[in-house]
Structure formats: structure tokens, C-alpha cells
Amino acid sequence: MANVAPDTTVARNDRESPVVVTVLLGCLAAFIILSLLFAGKAAAQDHWTRVLSVVATLGIFTILYRENPLFRFLEHIFIGLATGFGVVYLWLKVMEPRWYIPMMPASLVEGGEGKWWLFFALLFGLLFFSVYFPKLSWMNRFAIGIIMGWAAGYALRAFVGLIGPQITAAFKAPITKYYVEGLPALNSIPMTIGETTWWWHPYWLISLIVLMCVLAYFFFSVEHRAGWIRKPAVAGRYLLMLSLGTIFGTTVMARLSLLIARFDIVIDNIRDWGVMILGKM
Amino acid sequence: MQAFVEKLQALDRRWIYLLLSLVLIVSLIVGKQVDPVVIPPVEQLYKIVDDTPTGPGEGKIIVLCTTFSASTLGENGNHAIALMRHCFLKKKRFAITAVGEAQGALLGRAIATQLAEQYGAEYGVDWIDFDFQLNTLAFYTSFPKDIPGTVRVDGVQGKPLTSYPIMQGIDTINDVALLIDITASNSVFSWLQYVQPNTKPRLKIGYACTGVMVAEAYPFLDSGQLVGMLPGLKGASDYEKLVDVIEEQELAAGNIPQRYEPIRVGGMQLNTARQLMFTQDKAHILIIAFIALGNIGLFIALRLRRRAGKERS
């Protein structure tokens with residue numbers, strides 16, 4: 001009796017057959033040639049982009065059936081394109097306008113500012129690569145040391161800035177003398193004691209109980225045997241499970257949204273092509 | 001019965017993929033718009049955008065960070081569209097920028113350009129593009145002190161920021177009425193850590209995140225560090241509903257030439273969030289059914305095994 005779902009994935013084998021390699025490389029060559037041909041022609045480029053988006057989406061989805069060469073081919077193209085795009089974009093948008101052009105003299109580069117001292121930034125950056133030369137590897141400590149020191153100083157300040165308001169917000173009195181707007185279902189509830197009106201905030205009470213239970217679960221200085229610590233600790237564990245379940249639920253929701261968007265794009269394009277071929281239906 | 005339960009437990013996962021795909025395809029083709037109940041964090045952000053003093057002559061701007069890539073267009077793309085539509089409809093001046101995500105700069109620009117065309121907004125007057133910025137500590141420390149000096153040139157025409165009418169009087173982070181991070185990453189925490197604590201009054205930060213980040217962000221909403229949030233596709237569809245109401249009013253008053261037409265980004269048409277939410281609802285029902293079925297199968301199998309054990313003993 002087998003009560004385990006059959007494994008549909010096959011051990012990855014990066015050694016493709018020569019036929020598959022030839023076909024896929026042919027596709028890549030055709031892809032490059034067509035992209036060059038369509039460059040600058042807006043309408044043709046738009047159609048080409050749409051064809052590519054549908055083919056790439058469906059090709060990547062083939063992994064759901066099983067591991068296959070088409071998926072690997074598209075995966076490598078995607079990673080290669082993303083890396084190439086990132087390098088070029090970084091040069092054009094950051095390095096060139098913020099470092100190269102200001103550093104060069106106006107006589108050599110249009111807009112140059114002749115700030116020659118910016119050249120030392122390159123030398124500083126190159127210190128990171130000294131790690132590849134055993135005799136010079138000690139030099140990368142200068143670069144790493146400065147950056148780590150700067151980041152550590154900032155991280156401490158940032159931590160206080162981020163967590164400080166969280167700690168303040170965690171201190172919530174369930175009964176106060178003032179009205180606090182809550183969520184619609186359990187808003188602040190008035191209670192008149194004597195001549196004074198107090199406000200009871202059920203959400204804050206829940207928040208306090210959950211906080212104490214979860215803290216009890218993580219409080220290991222006392223053995224969790226006595227009822228006063230064991231019971232809240234167990235409750236804290238279940239409450240943690242509940243919050244982890246919520247995180248998992250929202251993750252599933254997010255992944256579904258992305259899948260729906262991809263399906264939407266494929267369906268829209270196929271519908272458009274149908275209209276183009278068969279005329280308006 | 002036992003054979004059926006065992007078969008159910010050993011069901012090939014590809015059947016589940018196939019069923020889910022069928023449900024998605026059918027509901028996308030049917031393509032109805034949902035009428036969602038707007039959740040409080042969305043309503044909060046909507047009110048804050050509405051109340052910001054960012055109209056012409058009011059001296060401040062909104063900064064929309066489009067820090068996302070094509071992979072999360074379904075969620076973040078719809079967030080960006082809904083927020084920008086709101087700004088264009090209510091004449092709220094805004095800037096877009098992508099911090100650390102090169103694709104975000106291109107996508108944000110493509111969305112803003114097409115929406116500006118639909119609503120008759122002018123570049124450099126109603127909105128501006130701060131382009132791609134590096135996600136470094138240096139950016140988060142220099143941007144709040146000197147916006148035109150840090151960004152230098154805009155992303156559409158490559159001219160100095162100070163040459164645009166929208167940037168007159170916009171120098172530091174104090175001139176930013178609201179910053180909304182539309183992102184699939186945790187980049188909002190950089191704004192919360194490095195920028196917000198150094199501002200007085202505290203910089204208002206909104207968050208339009210993917211569903212994955214929602215649970216992590218709620219405590220920041222509770223503490224007031226975030227002033228509002230658009231959680232995932234649900235947030236986008238809620239905000240879209242609120243914006244659709246304004247659009248109808250503006251259209252009736254003759255202030256805008258046309259209703260919003262779904263736009264294309266990089267050859268891909270972005271359908272409305274409310275349409276996508278219809279499909280998401282159906283997918284959720286199917287997943288809940290799968291969970292119930294799986295659990296029922298497991299309990300029956302356990303009971304049968306226990307019974308078989310008792311009979312053997």
C-alpha cells in the first residue's frame with residue numbers, strides 16, 4: 001500500500017542530448033535575430049514581446065508536469081537576461097552619471113566636471129577583489145572594516161528607531177479614562193463607575209493576554225512544569241501556531257495572485273490573437 | 001471505501017494543478033468584478049492620501065516608491081495603478097522612484113505615463129519621475145536632507161529636478177507629505193529605520209505590499225509607524241473600489257475626459273484588481289475544498305487503520 005504521492009520530479013540532469021541542445025540554441029539564435037529585426041518598430045516589437053511572454057510563461061509552467069530541458073533553457077535565459085540587464089542599468093543609471101562623468105575632464109567627456117579625486121573610489125572598491133590574491137588578501141579588511149563599522153553604528157540607531165515605537169505600542173491598558181477608536185466589531189465599551197466613565201478596550205485585553213502567553217512560551221529561566229507557567233506557555237504555543245498559520249495563509253494568497261496575473265496575461269494575449277485571426281467575434 | 005481513501009491520499013499533485021488551472025482559466029474568462037468590503041487599513045490610507053496638502057500651490061508632494069518587478073505586477077502593479085489614479089483624479093502632485101529595483105523604475109514610469117495621458121495630467125507639473133535609486137544607507141541618509149541634490153536629474157527627460165515647476169519648494173523630506181512604498185520586498189523597513197525616526201513631525205509612511213508581507217507589517221500599523229496599508233490583491237481591489245467612486249463623480253462633473261481604461265505594461269495588459277479578485281475568490285474556495293477533502297481522507301484512513309489494528313489483535 002503506497003499512501004505517498006508519486007514523485008513527479010526527475011533527478012536534474014544538466015547534460016542534454018545533442019539534438020535538444022541544437023534545437024534550443026537555434027531558438028536562442030532566432031530569438032536574438034528577431035529581437036534585432038523588430039528593434040525600433042513599435043507595433044512589431046509589441047507583438048513580439050507578447051509572443052515571448054506567453055511562450056516563456058507556458059514554458060516555465062512545464063516544470064509543474066516534470067523537470068524538462070525547455071524549463072532549464074528558459075530558466076537560464078531568465079537569469080542571464082536579469083544579470084545582464086542589472087549590470088547595464090547600474091552602469092547607465094548610477095556609475096556613469098554619478099561617478100564616471102563627474103570624474104572625467106570636460107575636454108574628454110561631455111558634461112565632465114574633472115573631479116579627479118573620485119578615482120580613489122575605484123581603488124577603494126578594488127580592495128574587495130584583493131581577496132583573490134593570497135598575498136594581498138589582507139587589504140580587503142580595510143574596505144570591509146570601514147563598511148562594517150559604519151553599518152554597525154547605523155544598525156544600532158536604526159534598531160532603536162524601528163523597535164522603540166513597537167515597545168511603546170505594546171503597553172496598552174485595557175481600561176482607560178479616554179475613548180480609543182477600535183475596529184468596528186469590538187470598539188471601546190463605556191463603563192460608568194460612580195460618576196466616572198471608563199472605557200474598556202477588548203482588543204487591548206486580547207493583545208495583552210496574547211503577549212503574556214507568547215512571552216511565557218519563550219521564558220526558559222523557569223522550568224515549564226508548574227501550572228502558572230505551563231498553561232500560558234501551552235496557550236502561547238497555540239497562539240504562535242495561529243499567527244504562523246495566518247502568515248502561511250497570506251503567503252498562499254500572494255502566490256495565487258501572482259499565478260492569476262500570469263494566467264490573465266496568457267489568456268488576454270490568446271484572446272487577442274483569436275480576434276486577430278478569426279475577426280471580431 | 002478504503003481503496004478510495006488510499007487513492008485520495010496518494011493523489012498525484014498534477015491533478016490538483018490541473019484542477020486549479022481550470023478554475024483560474026474559467027473564472028478569468030468569465031471575468032466579473034467583485035464589490036469588496038473595504039478593510040480599515042485601506043480606508044485609512046485612502047483618507048490620508050485624500051487629506052494630504054499636495055494639491056497645486058499647497059507646497060508638498062507624495063512620494064510613491066515603485067520598488068517591485070514584473071513578477072509581482074498582479075499585486076503591486078494594481079496598487080500603483082489605484083494610487084496613481086487617486087492622485088491624478090484629486091490633483092495630488094506626486095513623484096515616483098524605485099529604490100534598489102531597476103525594473104520598478106521602468107514599470108512605475110510606464111504606468112504613470114499612460115495614466116497621465118488618460119487623465120490629462122502634465123509631466124513636471126502634476127507628477128515627476130525620480131528614477132532608479134540605489135538601495136544603500138547613503139541614499140537613505142542623503143535623500144531626506146537634500147532631495148534635488150540626491151536625485152539630481154529626473155528619469156523621463158534627464159533634466160535637473162529644480163527645473164520642473166512641481167519641484168519648486170521641495171527640498172527636504174519635510175516637504176514630502178506622505179511616502180508610500182509599493183513593494184514586494186521589505187524595503188519599507190529601511191524607510192522606517194533610517195528616515196522616519198529623524199523627521200519631525202514623523203514622516204507619514206504607507207505600505208502597499210504583497211500578501212506574503214502582510215502579517216509582518218500589521219504590528220507597524222498598530223504602532224502608528226505605518227499610517228495605512230494595501231495588503232496584497234485584496235488591498236488593491238478595495239482601493240480600486242474607492243477610486244472608482246471618485247472617478248464616477250469626476251466624470252459626472254465633466255472634470256475628466258474618460259473612464260479608466262486598463263493599461264498595457266511591456267506588452268502585458270493589466271486587468272483591474274477587482275476582476276482578478278473574482279478569480280482569487282474562486283481559487284480560495286477550491287483550495288479550502290482541497291484542504292477539507294485531504295483532512296477528511298486522513299481522518300478516515302486513520303480510523304480504518306485503527307479498526308484494522310483492533311481486529312488483528
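Predicted model, so just to flag it, every value in this text is computed and none were measured. (Residues numbered from 1 in each chain as written. Chains lettered and ligands numbered in written order. Predicted model: local features only at pLDDT ≥ 70, side-chain atom pairs only at ≥ 80, totals over all residues. Heavy atoms only, no water.)

1. Regarding the sheet that holds strand E5 (residues 205-209) of chain B
Residues and elements named next belong to chain B. Spatially, the six strands line up as an open sheet ordered E3-E2-E1-E4-E5-E6, and their pairing is parallel. In this open sheet, the two strands that pair with only one neighbour each are strand E3 (127-133) and strand E6 (228-231). Going from strand to strand, the sheet's axes swing by 15° on average, the running direction of each strand aside. Across five bridges, strand E2 (residues 94-99) lies against E3 in parallel orientation. Looking across to E3, one finds that Ile 96 is bridged to Asp 129. Against the sheet, helix H5 (residues 102-119) makes contact with strand E1 (61-67), E2 and E3, and its axis sits at roughly 170° relative to E3, the strand it touches most. (Pairing = 2+ DSSP bridges. Helix = DSSP H or I, 4+ residues; strand = E, 2+ residues; numbered from the N terminus. Axes fitted to C-alpha atoms, helices over the stretch in contact; angles between N-to-C directions. Contact = heavy atoms within 4.5 Å.)

2. Concerning the interface of chain A and chain B
Taken together, the contacts link 56 residues of chain A with 66 residues of chain B. Where chain A touches chain B, the interface holds three salt bridges. Across the pair B:Arg264 and A:Asp272 runs a salt bridge whose closest N-O atoms are separated by 3.0 Å. On inspection of chain A and its partner chain B, the count reaches 15 residue pairs in polar contact (both at pLDDT 80 or more). Elements with a contribution of two residues or more to the side of chain A that touches chain B: helix H2 (42-61), helix H3 (69-103), helix H5 (140-170) and helix H7 (227-278) of chain A. Looking at the side of chain A that touches chain B element by element, the count peaks at 22 residues for H7(A). (Salt bridge = Lys/Arg side-chain N within 4 Å of Asp/Glu carboxyl O. Polar contact = N/O pair within 3.5 Å; in protein donor to acceptor, adjacent residues only side chain to side chain.)

3. Structural notes on the pattern of salt bridges
All names here are of chain B. Overall, the coordinates contain 19 salt bridges over all chains when judged by the stated rule. Measuring nitrogen to oxygen at the nearest pair gives 3.2 Å for the salt bridge that ties Asp 35 to Lys 241. Note that Asp 35 is positioned in the loop between helix H2 (13-30) and helix H3 (40-51) and Lys 241 in helix H10 (residues 232-252), a separation of 206 residues in sequence. Overall, the relative accessible area of 23% leaves Lys 241 in the partly exposed class. Between Glu 247 and Arg 85 there is a salt bridge whose closest N-O contact spans 3.2 Å. Taken together, the residues Glu 247 in helix H10 and Arg 85 in helix H4 (residues 73-89) connect sequence positions 162 residues apart. Both residues of the pair, Glu 247 and Arg 85, count as buried. (Buried < 20%, exposed > 50% of the residue type's maximum accessible area, 1.4 Å probe, protein only.)

4. What about helix H8 (residues 188-195) of chain B?
For an α-helix the count is 3.6 residues per turn, leaving residues at separations of three or four pointing the same way. When you tally the buried positions in H8(B), you get seven out of eight residues, the bulk of the element. Listed as buried for H8(B) are B:Val188, B:Phe189, B:Ser190, B:Trp191, B:Leu192, B:Tyr194 and B:Val195.

5. As for the nonpolar core
In a soluble, globular protein the nonpolar side chains are often hidden away together inside. Residues and elements named next belong to chain B. Counting 86 residues, the largest nonpolar core has Met 84, Phe 130 and Trp 191 as its most contacted members. Of all the elements, H4 adds the most residues to this core, at nine residues. If you look at the next biggest cluster of nonpolar residues, it comprises 16 residues, including Leu 28, Leu 233, Ala 236 and Leu 276. (Core = buried A, V, L, I, M, F, W, Y, C linked by side-chain atoms within 4.5 Å.)

6. Comments concerning the sheet that holds strand E2 (residues 189-193) of chain A
Picture the strands of a sheet paired through backbone hydrogen bonds; they go either parallel or antiparallel. Ordered by their spatial adjacency, three strands build an open sheet running E1-E3-E2 (chain A), and the pairing between neighbours is antiparallel. Each edge of the sheet is formed by a strand with only one pairing partner; in this case those strands are strand E1 (175-176) and E2 of chain A.

7. Quick notes on the packing of H3(A) against H5(B)
Orientation of H3(A) relative to H5(B), taken along the N-to-C sense of each, is 75°, at an axis distance of 10 Å. The orientation of H3(A) with respect to H5(B), classified from their angle, is roughly perpendicular. Residues A:Phe85, A:Tyr89 and A:Lys93 of H3(A) lie in contact with H5(B), whose contacting residues are B:Ala102, B:Gln103, B:Ala105, B:Leu106 and B:Arg109. In the contact of H3(A) with H5(B), the residues fall into five nonpolar, one polar and two charged. (Parallel < 35°, antiparallel > 145°, perpendicular 65-115°, else oblique. Nonpolar A, V, L, I, M, F, W, Y, C, P; charged D, E, K, R; others polar.)

8. Describing the domain arrangement of chain A
For an interface, size is often stated in terms of accessible area lost upon the parts coming together. As assigned here, chain A comprises domain 1 (16-114), domain 2 (115-171) and domain 3 (172-281). Between the C-alpha centres of domain 2 of chain A and domain 3 of chain A the distance comes to 36 Å. (Domains from an automatic or database assignment.)

9. Let's talk about the side chain of B:Asp131
Take B:Asp131: it is sitting in strand E3. On the basis of relative accessible area, B:Asp131 is assigned to the buried category, the value being 7%. Aside from chain neighbours lying at most four places away, what touches B:Asp131 is A:Tyr89, A:Lys93, B:Ile96, B:Thr97, B:Ala98, B:Ala105, B:Arg109 and B:Gly155.

10. With respect to the packing of H5(A) against H8(B)
Between H5(A) and H8(B), whose axes approach to 7 Å, the crossing angle comes to 100°. Between H5(A) and H8(B), the angle falls in the class roughly perpendicular. Residues A:Tyr154, A:Ala158, A:Phe159, A:Gly161 and A:Leu162 of H5(A) form the contact with H8(B), whose participating residues are B:Phe189, B:Leu192, B:Gln193 and B:Tyr194. Grouping the constituent residues of the contact of H5(A) with H8(B) by class yields seven nonpolar, two polar and no charged.

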